[in-house]
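# Remarks on the overall topology
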There are 2 protein chains.
Amino acid sequence: MKAPAGAERVAGDLARFSINQMTVRQLPLPELTDACVRFGIPGVGLWRQPVQAYGVGAAAALVRDAGLRVTTLCRGGFLTALDADARAAALADNRAAIDECVTLGTDTLVLVSGGLPDGERDLAAARGRIADALGELAPYAGERGVRLAIEPLHPMFASDRCVVSTLDQALALAEGFPAEQVGVVVDTYHVWWDDRAPAAVARAGAAGRIHSFQLADWVTPLPAEVLNGRGLIGEGSVDLRHWRELVDAAGYDGPVEVELFNDELWKRDGEELLRDVAERYVRHAA
Amino acid sequence: MKAPAGAERVAGDLARFSINQMTVRQLPLPELTDACVRFGIPGVGLWRQPVQAYGVGAAAALVRDAGLRVTTLCRGGFLTALDADARAAALADNRAAIDECVTLGTDTLVLVSGGLPDGERDLAAARGRIADALGELAPYAGERGVRLAIEPLHPMFASDRCVVSTLDQALALAEGFPAEQVGVVVDTYHVWWDDRAPAAVARAGAAGRIHSFQLADWVTPLPAEVLNGRGLIGEGSVDLRHWRELVDAAGYDGPVEVELFNDELWKRDGEELLRDVAERYVRHAA
């Protein structure tokens, strides 16, 4: 049973706010959707693994009945394999992810491109294989009303997760396809250091290719393996409001999704963390 | 007493090889210089702290008597302070480092520019303060025959160590000054991921601004705090020979210095590690 409407709402304008499921992964999907409704959070970004575990159809019904917008599905990609079987499997998995987007009612599939295969050192060749794979996936996505959103990851992930390290690179890949098929993710955590990123944001926005905007702050020291050290909004070195204003000035008016991977945050109570993140979004970015 | 000349020499062409002192920091300076002579290693890159602990004059005599070339002194920099006193102290410390270069007989001072001051989020302003500081330091260095070498550090250090993250940025800073006063360090660890770095290498080389070339490999997973996880030559994702060929093609014919910060390597026997690094240099880069 839900609390009285409005009783627990987070103060401030949350109209564009979306919570990425991974940020509060300690919350099972029903608890997450319920808390979003009570707090007045209109959007969620979902992850394939927990959604599949819950059942894609059931998850779609849950968020639809709660009146939530699914802002993104994370994630497809990993398109750098050299081996033919691995490449075919990756393409099939990405088609499945596109189908899941349709079921979930989201128009955006986030792509993490993939790292260097074992023993490989040729970043340019790996980037070329991503372009080839997009050639197969983009029309499939377009026919289903799904946009592929290439997410450049911070250069510290270039070897093992994503050979696409800058917005310029992501945009160059996207520009081979119609904007309604392929665009980019602007995630402050990954691009904040890059003096060329603001110009890339402007170009991407002018071309209608900003398909997702995600917020995370940069804090140090980084933890071992560096994956799960994304900073809570307002605690780090990134001028988050400035970046929100940059994407807005580029013509973006879509959701602002907070995606944090952080071992320390995952130890906290999920609802308390969700409220904290929403309040910080209002204070530091909205 | 030294071993017979040639008895312990490392096989292969070490003419351009230089070992950065930090790579084998477990070796006290006399043992390091002695091992370099026995192994046929002609160059060393020195660090201020151990050199100061040994005595700058005594260190200079030691390496000079051993017939070693001091390829760089690491490091000056940290020029991003907002506070006037801190800024004055940083400038004084950099002048002292330039003087130490003169004593040690090296023409190259490596600069690590510095991170964001506490609570600051403006990278561009911090970069501007570096340019201002160079305006004070470059003439001082030039009058003493010392070249300042701006080292872009990997973007994962942008907040806490170095707001200069790319060769393009380093070169833009250097270009405000004569090449014999200010240039750049090309360190494979920091720039290997950057698709724009090869063009920057070519520009830097054409302008005579490659003042140091350093090798380290990129290995994952990164350790906590990420500072001391630089990969042993040949064990990671960087095509080191390709980068050596790139700087050579840009007109660079100077030392190739191996600088590794790595907690695991520092546990090994220093002489054994030194030999291993020299042999790997021959195999993977020379």
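Described below are features of the structure shown in this document.

Quick notes on the rules
Residues numbered from 1 in each chain as written. Chains lettered and ligands numbered in written order. Predicted model: local features only at pLDDT ≥ 70, side-chain atom pairs only at ≥ 80, totals over all residues. Pairing = 2+ DSSP bridges. Helix = DSSP H or I, 4+ residues; strand = E, 2+ residues; numbered from the N terminus. Axes fitted to C-alpha atoms, helices over the stretch in contact; angles between N-to-C directions. Contact = placed C-beta atoms within 7 Å. Least-squares fit on C-alpha atoms with pLDDT ≥ 70 in both. Buried ≥ 20, exposed ≤ 12 C-beta atoms within 10 Å, placed from the backbone. Right-handed = clockwise from strand over helix to strand, strands pointing away.

## Topic: the sheet that holds strand 10 (residues 256-258) of chain A
All names here are of chain A. Read once around its circumference, the closed barrel built from eight strands follows the order 1-2-3-4-5-6-7-10, with strand pairing classed as parallel. The sheet shows a mean angle of 30° between the axes of neighbouring strands, taken without regard to direction. Bridging between strand 5 (residues 147-150) and strand 6 (residues 182-187) involves three bridges; their strand directions are parallel. Residue Ile-150 lies in a different strand from strand 6, and its bridge partner there is Val-184. Lying on the sheet, helix 6 (residues 167-174) is in contact with strand 5 and strand 6; it crosses strand 6 at an angle near 165°.

## Quick word on the relation of the copies chain B and chain A
One copy of the chain maps onto the second through a rotation around an axis plus a translation along that axis. Superposing chain B onto chain A requires a rotation of 180° together with a translation of 0.0 Å along the rotation axis, leaving an RMSD of 0.0 Å. Classification of the inter-copy transformation places it as that of a two-fold axis. Identified as the residue of chain B closest to the rotation axis by C-alpha distance is Ala-224 of chain B, at 1.8 Å. Take the interface residues of chain B: 100% of them recur as interface residues in chain A, which is what a same-surface contact looks like.

## Structural notes on the pairing of strand 3 (residues 69-77) of chain B
Residue and element names in this part refer to chain B. Judged by how many residues are buried, strand 3 sits mostly within the fold: eight of nine residues are covered. Examined bridge by bridge, strand 2 (residues 43-47) and strand 3 share five bridges and lie parallel to one another. Pairing of Leu-46 across the sheet is with Leu-73, part of strand 3. With four bridges connecting them, strand 3 and strand 4 (residues 108-112) associate as parallel partners. What sits directly across from Leu-73, in strand 4, is Leu-109. Viewed along the sheet, the connection from strand 3 through helix 4 (residues 84-104) into strand 4 turns out right-handed.

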